[in-house]
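Structural description and commentary
Listed below, chain by chain, are the residues.
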Amino acid sequence: MRYGLFSDVHSNLEAMTTVAHAMKTEGADEYLCLGDFVGYYSNPVETIELIESLNCWKLILGNHDAACIGKAPLSKFNPPAAEAIHWTKARLKPQHYKFLENLRLHEEIGEIQLVHSSPFQSEEWHYLTQKEDIERNFRYFQGFICLFGHVHKPFIAEQKPDGSVEILEAQEYTLKKECRYLVNVGSVGQPRDGDPRTCYVMYDSASRKLSIRRIDYDRETTIKKTLEAGLPEYLAQRLKTGK
Ligand SMILES: [Fe+2]
Ligand SMILES: [Fe+2]
């Protein structure tokens, strides 16, 4: 099975269109999306509808999605993010709210676990960036691999049979049967690792090969639409640097 994995689209239609096309071209059999469909950018309706058209096998609730339906407090959002949530809520129609209401915090497919933020206290929306936090989170899921998003920086963390954990630099990697993995699939709509290109991951469960993909998309259009919509300029600016 070839999985197309993606997360943190944040209503960036240009990036999602590019990623959807790329995953299809690579022959993805199934799609898994790890949350934060909306928030930040100007096409929440079109983005939800495009993702619905992919018929993803599993979809996860992100904190921005949860904020739109009153399941996460806006007090934890910085001002531009909160402003974008208010902007988004005014544009979603009942069917889009229903789509967000149906999302869950956890899903699993056999040996694959899916969460938005972290296996430990998923509903608290922790950011798994520190090595000690990543190490600790291996205790909070069962199975071979846990896929997540939320931090907008792709990486592969490998737990060896002796319990030690290594953060791998590789963009392409064959997962080892005897190890366990936490994999961040990066962000489609707002990368923050200094690379402004959009991000998705392909995973072939037969060969266990995992590939982090970065590709260019029409950022200039997204930036223009963000400013024209009256959304915070900061949100447009950070698309240029990927930070
Ligand atoms: Fe996000
Ligand atoms: Fe998030």
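Residues numbered from 1 in each chain as written. Chains lettered and ligands numbered in written order. Predicted model: local features only at pLDDT ≥ 70, side-chain atom pairs only at ≥ 80, totals over all residues. Heavy atoms only, no water.

1. Concerning the coordination of the iron ion (ligand 1)
Put simply, the rule reads: Sodium, potassium and calcium take a 3.2 Å donor cutoff, other metals 2.8 Å, and in both cases only N, O and S atoms count; water is not among them, so sites may look incomplete. Under the classification used here, a metal with four donors is tetrahedral if each angle lies between 85 and 135 degrees, square planar if opposite donors are over 155 degrees apart and the others between 65 and 115, a six-donor metal meeting that same test is octahedral, and anything else is irregular. With a 1.4 Å probe rolled over the protein chains alone, any residue whose accessible area is under 20% of its type maximum counts as buried; one over 50% counts as exposed, and the rest are partly exposed.
Protein-derived ligands of the iron ion (ligand 1) are D8 (OD), H10 (NE2), D36 (OD) and H152 (NE2), with the metal-ligand distances lying across 2.0 to 2.2 Å. Each of the four donor atoms around the iron ion (ligand 1) contributes to a set of angles spanning 86 to 171 degrees, which defines the coordination as irregular. Here the donor residues of the iron ion (ligand 1) share one chain and are spaced in sequence as D-x1-H-x25-D-x115-H. Here the iron ion (ligand 1) and the iron ion (ligand 2) are spaced 3.3 Å apart, with D36 acting as a shared donor. On the basis of relative accessible area, H10 is assigned to the buried category, the value being 0%.

2. Considerations on the pairing of strand β4 (residues 106–109)
Basically, it comes down to this: Helix and strand labels come from DSSP, where a helix needs a run of H or I of at least four residues and a strand needs a run of E of at least two; each type is numbered from the N terminus. Any two strands with at least two DSSP-identified bridges between them are counted as paired.
Residues E107 and I109 point to one face of β4 and are all buried, whereas H106 and E108, pointing to the other face, are not buried. In this structure, β4 lies alongside strand β5 (residues 112–115), joined through four bridges in antiparallel fashion. Bridge pairing in β5 places E107 opposite L114. With antiparallel pairing between neighbouring strands as the criterion, β4 and β5 make up a hairpin whose turn holds two residues, including G110 at a positive phi of roughly 55 degrees.

3. Observations regarding the sheet that holds β5
Spelled out, the test is: Only C-alpha atoms enter the line fits that serve as axes; for helices the fit covers just the stretch in contact. Angles between N-to-C directions range over 0 to 180 degrees.
Pairing is mixed in the open sheet, where six strands are placed in the order β4-β5-β6-β10-β7-β8. At either margin of the open sheet sits one strand with a lone partner, and together these are β4 and β8 (165–168). Across the sheet, the mean angle separating the axes of adjacent strands is 20 degrees when strand polarity is ignored.

These results come straight from atomic positions and should not be treated as a statement about function.
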